2 protein chains.
Amino acid sequence: MTAGNERSPGRRSRRGHRVKASFTQLPRQKVVNTFKPTELLSEDQIEDIHNASMEILENIGIMVRLPKAREILKKAGQKVDEDTQIVYFDRGFIMEAMSHAPSEFTLHAPNPECDLAIGGQNLVFSMVASTPNAMDMDGGRRTGNRVDFRNFLKLTQSLNILGTSGGYPVEPVDIHASIRHLECGRDFATLTEKVPYIYSLGRQRNLDGIEMARIMRGISMEEMLTQPSLFTIINSNSPLMLDSPMLEGIIEMAAHGQVVMLTPFTLSGAMAPVTLAGALTQQNAEALAGMSLAQTVRPGAPVVYGGFTSNVDMKSGAPAFGTPEYAKATIASGQLIRRYNIPYRSSNVNASNAPDAQAAYESEMSLWSLVLGGANFVKHSTGWLEGGLSASFEKVIMDVEMIQMMIEMMKPIDTSPDSLALDAMREAGHGGHFFGTQHTQERYETAFYTPILSDWRNFESWVEAGSPDAMKRANTIYKSILAEYEEPPHDPARLEELNEFIDKRIAEGGVKTDF
Amino acid sequence: MTAGNERSPGRRSRRGHRVKASFTQLPRQKVVNTFKPTELLSEDQIEDIHNASMEILENIGIMVRLPKAREILKKAGQKVDEDTQIVYFDRGFIMEAMSHAPSEFTLHAPNPECDLAIGGQNLVFSMVASTPNAMDMDGGRRTGNRVDFRNFLKLTQSLNILGTSGGYPVEPVDIHASIRHLECGRDFATLTEKVPYIYSLGRQRNLDGIEMARIMRGISMEEMLTQPSLFTIINSNSPLMLDSPMLEGIIEMAAHGQVVMLTPFTLSGAMAPVTLAGALTQQNAEALAGMSLAQTVRPGAPVVYGGFTSNVDMKSGAPAFGTPEYAKATIASGQLIRRYNIPYRSSNVNASNAPDAQAAYESEMSLWSLVLGGANFVKHSTGWLEGGLSASFEKVIMDVEMIQMMIEMMKPIDTSPDSLALDAMREAGHGGHFFGTQHTQERYETAFYTPILSDWRNFESWVEAGSPDAMKRANTIYKSILAEYEEPPHDPARLEELNEFIDKRIAEGGVKTDF
């Protein structure tokens with residue numbers, strides 16, 4: 001992405017399109033995490049976890065449900081027990097396979113200005129995904145539907161800090177499951193110009209997603225092999241299992257050079273051991289198993305290691321997020337992942353039922369730990385609520401504020417002689433004031449971060465304005481962004497080709513839904 | 001402080017006193033910050049700021065309003081201009097003086113179990129202080145008064161993570177200013193057993209505070225010299241000025257071996273340069289000037305360097321807190337302060353008008369940055385709202401939750417063979433569940449942090465309970481703690497002596513209020 005709120009001149013300039021908004025957001029920018037990663041684990045501890053995960057892979061094995069996947073792994077020399085479907089991975093094989101995974105790559109968008117740099121010190125944010133419900137102050141909580149789905153995509157397009165949507169922000173259940181990925185693909189392509197996503201729910205959906213992404217990029221399938229333009233999340237069926245649709249996703253996406261983000265859902269105390277070290281060990285084994293399959297299908301295929309280890313509430317079994325354990329796992333996962341020199345996906349999560357103080361402090365635990373952990377791609381960056389059961393419009397705005405604050409915080413401190421400001425102190429004098437100094441006048445407009453949501457009015461003015469709390473203000477802001485939304489310009493030929501493809505596939509009935 | 005909610009046997013055990021509460025809080029504990037401090041500034045940058053602050057001290061000077069202070073500094077060889085009241089400090093003098101300041105010390109409480117370790121990797125939290133208003137959901141915002149003042153002190157006593165109050169949580173304006181420090185001293189001594197505080201508002205108040213602290217410790221004035229038992233905050237009158245009451249506070253407290261926390265109020269853009277480096281440079285000059293005076297009065301007197309640099313809203317001039325700039329200043333201040341090998345005071349601050357999401361995310365910015373900055377003492381840890389204009393009862397509970405989460409997060413990750421849990425994975429099996437495993441059963445009760453405020457019920461149960469958001473739940477919790485509050489046991493002889501002293505001083509008319 002390039003800096004600046006407005007487009008650079010080019011094929012789209014004739015429409016003069018720009019994102020208007022009644023609030024001042026940060027410009028589109030490539031976010032670089034300047035913080036040195038925090039080290040919670042010693043080198044020895046990282047090796048202990050690595051070695052324990054190798055022992056899992058070699059001696060306990062991973063259940064691999066898809067025959068084709070077992071066949072690939074068997075051909076690659078791994079020990080396969082067809083009766084139990086368990087594959088025993090050799091550690092030499094794992095490490096050799098992982099050595100081909102790129103440490104950094106570009107994820108290409110339909111609009112090249114929205115290309116994403118994945119890996120290294122880069123940090124990319126994406127909209128909440130895969131929630132069954134949408135929520136706002138006006139309509140309360142409701143089942144996912146296409147209207148809300150489209151509104152979240154419009155926010156994805158309008159908000160500069162969002163690199164992409166990370167799936168369906170909310171599940172539009174009013175679109176039949178057989179054609180949902182096609183209609184949603186149409187919405188992705190028309191309402192945004194950012195990188196699309198495909199769910200790995202059977203091979204045909206992956207293939208449709210790849211074709212839709214290819215069309216909107218305007219390139220050949222051959223070019224797609226070296227230009228990742230689509231991504232998918234693969235969750236292992238923890239503990240120690242990969243199911244068939246996920247394995248099909250790994251195989252098809254890797255075969256086409258598209259991005260697989262492998263994220264074990266290791267909830268400590270439920271699908272993973274109650275100890276953090278145990279949960280991280282299991283996460284590591286599951287992630288490496290899936291990613292090594294991708295590398296076997298196509299060495300060099302872009303993969304991302306997703307860290308999602310959290311804990312459950314041991315009283316109720318409910319998943320908890322943004323906890324102290326989650327924060328530690330997030331920082332420690334970064335250390336583990338850097339051992340394999342591949343990009344790291346994390347999330348901005350919480351378990352609150354409302355966009356209140358709890359939602360904010362749990363989110364901050366997630367955000368700080370992913371910054372300190374050196375994450376590269378952040379799923380659910382904006383809008384996640386209720387442990388992922390709801391996408392909240394107000395929470396989107398709160399998260400944008402929190403993330404913009406993190407981005408500003410990561411900018412280095414300037415200590416050039418001018419910034420040390422001795423002359424300004426001489427000018428202000430003892431007990432004086434700096435506002436009138438030349439030093440301040442030259443800098444005040446850009447010296448500090450300007451919030452979009454935080455309200456710094458004095459109490460009396462705030463009461464006079466109706467005492468609007470953060471939720472109320474967020475409600476106003478998100479609606480103003482939607483009111484000002486403009487569809488981005490697209491290449492008409494590509495859009496026509498896309499619509500033809502989608503219409504044809506829908507006429508064919510889409511995909512079977514009884515897998 | 002010792003671990004455990006209940007007292008160890010001893011002189012107080014006969015009353016069987018314990019803090020009861022309807023919520024499970026962390027036990028009293030010595031908090032050790034295990035995070036390695038984050039480095040935002042390079043070594044060169046730290047030296048640049050240090051040298052620039054030395055240039056201020058030597059060539060621009062600090063206005064020192066109190067004749068006695070100028071006299072002390074003149075005797076110590078510093079260049080004093082009596083006409084302008086400006087003292088020009090030699091950098092050799094500054095560094096020699098600072099070399100006597102202890103890097104760590106114990107701040108003694110009336111109850112030795114509440115002694116505080118200041119400095120090193122220790123982290124001490126304290127109640128909000130010095131706000132003119134109190135606030136809760138029931139009574140709204142009201143002018144500070146003794147009832148609210150006492151309720152905040154009761155919370156200070158009941159909450160295990162609070163090492164002390166950090167002044168008057170709210171100003172009890174219904175106590176006449178001439179005797180306020182005496183009546184408040186009585187409340188400190190009776191309602192809590194934690195370290196007391198005295199405001200530096202004229203020499204006599206400092207002396208009264210020292211005497212009250214001495215009585216409650218049951219030691220001699222001679223012993224007080226080496227047993228710090230009281231602390232005060234000294235704010236410079238930024239830019240580059242120290243006023244008379246503050247200078248009297250430095251002199252009297254240092255002379256008696258009591259703790260001076262020197263905190264320049266360097267708001268970037270108002271009382272300090274608009275650049276962060278400039279504000280930090282000024283902060284450093286002001287802090288070193290005041291602390292070197294303390295060291296001149298009594299070499300080795302315990303001092304703490306307070307970092308409070310934030311920025312103003314350049315539109316309105318209102319102070320902002322918990323901003324990206326504040327977080328950077330907090331982390332960078334830690335680097336500067338460690339250069340002088342003395343303890344670091346920070347704060348948990350925000351500028352929200354309500355205990356909402358903004359209050360939470362701005363506070364989290366403060367908390368994370370002070371942990372990463374290696375702060376040792378945290379003023380305003382719980383309850384601060386509205387840029388310090390209100391103390392909020394609900395915010396106290398939110399902050400306790402946020403701080404407890406930080407404390408839990410700082411506990412190291414165990415990677416012993418047992419915690420790697422390979423046997424548990426064998427027992428759970430592929431696609432199984434860990435709840436029933438022996439590994440989980442042995443650990444589940446203490447495996448994870450148990451929140452006091454966060455609500456992890458599912459949405460339906462939460463709605464059935466009336467959809468209580470974090471503010472509503474915090475309101476219920478703080479009132480239940482107050483309802484269960486019990487006055488701590490005190491040595492009757494000390495309390496009698498204290499009351500006699502206070503009654504005598506009140507009969508004398510307290511202190512003049514026309515200074």
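Computed from a predicted structure; not experimentally measured.

**Some words on the overall build of chain A**
Helix and strand counts for chain A come out as 18 helices and 21 strands. Its C-alpha radius of gyration of 24 Å places chain A within 12% of the 24 Å reference for a compact globule of 515 residues. Structurally, chain A occupies a C-alpha span of about 80 × 55 × 45 Å along its principal axes. By the burial criterion, 67% of the 515 residues in chain A qualify as buried. Relative to all contacts within chain A whose residues are 6 or more apart in sequence, the contacts with residues 24 or more apart total 76%. Total accessible area on chain A is roughly 16,900 Å²; 50% of this is exposed by carbon and sulfur atoms. Both charge centroids of chain A, one from 48 positive and one from 63 negative side chains, sit 4 Å from each other.

**Focus: the sheet that holds strand β9 (residues 140-143) of chain A**
Residue and element names in this part refer to chain A. Taking strand neighbours across the sheet as the criterion, the four strands line up as β9-β8-β21-β20 in an open arrangement whose pairing is mixed. Edge strands, defined here as strands with exactly one partner in the open sheet, are β9 and β20 (384-385). Inspection of the sheet shows β20 paired to strand β21 (residues 390-392) by two bridges, in the antiparallel sense. Directly across from L385, in β21, lies its bridge partner S390.

**With respect to the relation of the copies chain A and chain B**
Each copy of the sequence occupies a distinct position, and chain A is placed on chain B by a rotation of 180 degrees and an axial shift of 0.0 Å, giving an RMSD of 0.0 Å. Taken together, the rotation and translation describe the operation of a two-fold axis. Residue A357(A), judged by its C-alpha, is the member of chain A lying nearest the rotation axis, at 2.0 Å. The overlap is high: 99% of the interface residues of chain A also sit at the interface in chain B, so the same surface is used on both sides.

**Concerning the environment of T309(A)**
Residues and elements named next belong to chain A. Following the sequence through the fold, T309 ends up in the loop between β15 (303-306) and β16 (310-312). C-alpha of T309 to C-alpha of D44: the two residues are 265 residues apart in sequence and 21 Å apart in space. Ignoring any residue separated from it by four or fewer positions in sequence, one finds T309 in contact with T266, L276, A279, L280, Q283, Y326 and A329. A distance of 2.8 Å separates polar atoms of two side chains, one belonging to T309 and the other to T266. Here the side chain of T309 touches Q283 through a polar contact of 2.5 Å, side chain to side chain.

**Brief notes about the nonpolar core**
Residues L155(A) and L155(B) are the most contacted members of the largest nonpolar core, which totals 312 residues. What L155(B) contacts, discounting residues up to four positions off in sequence, is M127(B), L162(B), F393(B), V396(B), Y478(B), I481(B) and L482(B).

**Some thoughts on the sheet that holds strand β17 (residues 319-320) of chain A**
All names here are of chain A. If you walk across this open sheet you meet the three strands as β14-β16-β17, and the pairing is mixed. The two strands at the open ends of the sheet, each matched to only one other strand, are β14 (267-268) and β17. In this sheet, β17 lies alongside β16 in antiparallel orientation, the contact comprising two bridges. What sits directly across from N311, in β17, is A320.

**Topic: the interface of chain A and chain B**
Between chain A and chain B, the contact holds 113 residues from the first and 112 residues from the second. For the pair chain A and chain B, the two sides together bury roughly 9,000 Å², of which 71% comes from carbon and sulfur. Of all residues in chain A, H430(A), F448(A) and W456(A) give up the largest surface area on contact with chain B, accounting jointly for 10% of the area buried on that side. The tally of links from chain A across to chain B stands at two salt bridges. Two residues, E460(A) and R141(B), come together in a salt bridge whose shortest N-O distance is 3.4 Å. In this structure, the connection of chain A to chain B is made through 37 residue pairs in polar contact (both at pLDDT 80 or more). The dominant element in the side of chain A that touches chain B, judged by the number of residues it contributes, is helix α11 (residues 357-373) of chain A, at ten residues. Across the side of chain A that touches chain B, the residue classes tally to 60 nonpolar, 30 polar and 23 charged.

**So, the packing of helix α1 (residues 43-60) of chain B against helix α9 (residues 276-297) of chain B**
Residues and elements named next belong to chain B. Closest axis-to-axis distance for the α1/α9 pair is 8 Å, and the angle between their directions is 60 degrees. By the angle class used here, α1 and α9 are oblique. Of the two elements, α1 crosses α9, and the hand of that crossing is right-handed. Two secondary-structure elements touch here, α1 through I49, H50, A52, S53, M54, I56 and L57 and α9 through L280, T281, Q282, N284, A285, L288 and A289. Considering only residue class, the contact of α1 with α9 consists of nine nonpolar, five polar and no charged.

**Some words on α11(A)**
All names here are of chain A. In a regular helix each residue adds 1.5 Å, so 17 residues correspond to 24 Å; α11 covers 24 Å between its end C-alpha atoms and thus fits that length. Most of α11 sits out of view: 17 of its 17 residues are buried. Two or three places before Q358, at the opening of α11, D356 has a side-chain oxygen 3.2 Å from that residue's backbone nitrogen. One or two positions beyond α11, positive phi appears at G374, with a value near 75 degrees.

**Concerning the pattern of salt bridges**
In the structure shown here, the tally under the stated rule is 61 salt bridges over all chains. A salt bridge links R142(B) to D136(B); the shortest N-O distance between them is 2.8 Å. Since its relative accessible area comes to 21%, R142(B) is described here as partly exposed. Since its relative accessible area comes to 8%, D136(B) is described here as buried. Where salt bridges share partners, they join R146(A), R150(A), E183(A), R186(A), D187(A) and D503(A) into one cluster.

**Here we look at helix α10 (residues 324-339) of chain A**
Residue and element names in this part refer to chain A. Relative to the 22 Å expected for 16 residues at 1.5 Å per residue, α10 spans 23 Å between its end C-alpha atoms, a close match to the ideal helical length. With respect to burial, α10 is a largely interior element, 14 of its 16 residues being buried. Once α10 ends, the next one or two residues include N341, with phi positive near 60 degrees.

**What to know about unusual backbone geometry**
In this structure, the amide linkage connecting S238(A) to the following residue, P239(A), adopts the cis form with an omega of 0 degrees. With respect to the helices and strands, P239(A) occurs in the loop between β11 (231-234) and β12 (241-242). In this structure, N341(A) takes a positive phi of about 60 degrees despite not being glycine. Looking at the secondary structure, you find N341(A) in the loop between α10 and β18 (344-347). With a phi close to 60 degrees, E386(B) is a non-glycine residue in the positive phi region. Among the structural elements, E386(B) can be located in the loop between β20 (384-385) and β21 (390-392).

**Section: the packing of helix α2 (residues 67-75) of chain A against helix α8 (residues 244-255) of chain A**
Residue and element names in this part refer to chain A. α8 packs onto α2 with a crossing angle of 55 degrees between their chain directions and a minimal axis gap of 9 Å. For the element pair α2 / α8, the angle class is oblique. Facing K68, A69 and I72 of α2, the residues of α8 in contact are L247, I251 and E252. By residue class, the composition of the contact of α2 with α8 is four nonpolar, no polar and two charged.

**A word on the pairing of strand β8 (residues 133-136) of chain B**
All names here are of chain B. Of the two faces of β8, both are covered, the one formed by N133 and M135 as well as the one formed by A134 and D136. Sheet topology note: the β8/strand β9 (residues 140-143) ladder contains four bridges and is antiparallel. Of the residues in β9, the one forming a bridge with A134 is R142. Connecting β8 to the next strand, β9, in antiparallel fashion are three residues.

**Things to note about the confidence of the model for chain A**
All names here are of chain A. Mean pLDDT over chain A stands at 95; residues scoring 70 or higher make up 95%. Note that residues 1-21 has pLDDT below 50 and, in this model, 53 contacts with residues that lie over four places away or in other chains. Here the predicted complex carries an ipTM of 0.95, next to a pTM of 0.95.

**Here we look at the side chain of S178(B)**
Among the secondary structure elements, S178(B) is positioned in the loop between β10 (162-164) and α5 (180-191). Reaching out from S178(B), the side chain makes a polar contact with the side chain of H176(B) at a distance of 2.7 Å.

**Quick word on the packing of aromatic side chains**
Evaluated as defined, the whole model comprises 35 aromatic pairs over all chains. Seen in terms of ring centroids, F321(A) and W384(A) are 5.5 Å apart; in terms of plane orientation they differ by 85 degrees. Their pairing is edge-to-face. Taken as a pair, F321(A) in the loop between β17 and α10 and W384(A) in strand β20 lie far apart in primary sequence, 63 residues in all. In this pair, the class of F321(A) matches that of W384(A), namely buried. Measuring from centroid to centroid gives 5.7 Å for F308(B) and F321(B), while their planes differ by 55 degrees, and the two rings are tilted. Of this pair, F308(B) sits in the loop between β15 (303-306) and β16 (310-312) while F321(B) sits in the loop between β17 (319-320) and α10 (324-339), and the two are 13 residues apart along the sequence. F308(B) sits in the buried class, given a relative accessible area of 7%. Residue classification places F321(B) among the buried positions, given a relative accessible area of 1%. Joined through ring pairs, the aromatic side chains of F149(A), Y168(A), F188(A), Y197(A), Y199(A), F231(A) and F377(A) make up one cluster.

About the criteria used
Residues numbered from 1 in each chain as written. Chains lettered and ligands numbered in written order. Predicted model: local features only at pLDDT ≥ 70, side-chain atom pairs only at ≥ 80, totals over all residues. Heavy atoms only, no water. Helix = DSSP H or I, 4+ residues; strand = E, 2+ residues; numbered from the N terminus. Rg over C-alpha atoms; globule rule 2.2 N^0.38 Å. Buried < 20%, exposed > 50% of the residue type's maximum accessible area, 1.4 Å probe, protein only. Contact = heavy atoms within 4.5 Å. Areas by Shrake-Rupley, 256 points an atom, 1.4 Å probe, with all protein chains shown as cover. Lys, Arg positive; Asp, Glu negative; His and termini not counted. Charge placed at Lys NZ, Arg CZ, Asp CG, Glu CD. Pairing = 2+ DSSP bridges. Least-squares fit on C-alpha atoms with pLDDT ≥ 70 in both. Polar contact = N/O pair within 3.5 Å; in protein donor to acceptor, adjacent residues only side chain to side chain. Core = buried A, V, L, I, M, F, W, Y, C linked by side-chain atoms within 4.5 Å. Buried area = accessible area lost by both parts, 1.4 Å probe. Salt bridge = Lys/Arg side-chain N within 4 Å of Asp/Glu carboxyl O. Nonpolar A, V, L, I, M, F, W, Y, C, P; charged D, E, K, R; others polar. Axes fitted to C-alpha atoms, helices over the stretch in contact; angles between N-to-C directions. Parallel < 35°, antiparallel > 145°, perpendicular 65-115°, else oblique. Left-handed = near helix turned anticlockwise from the far one by under 90°. Expected span 1.5 Å × (residues − 1). pLDDT = per-residue confidence, 0-100. Phe/Tyr/Trp six-rings, centres within 6.5 Å; stacked < 30°, edge-to-face > 60°.

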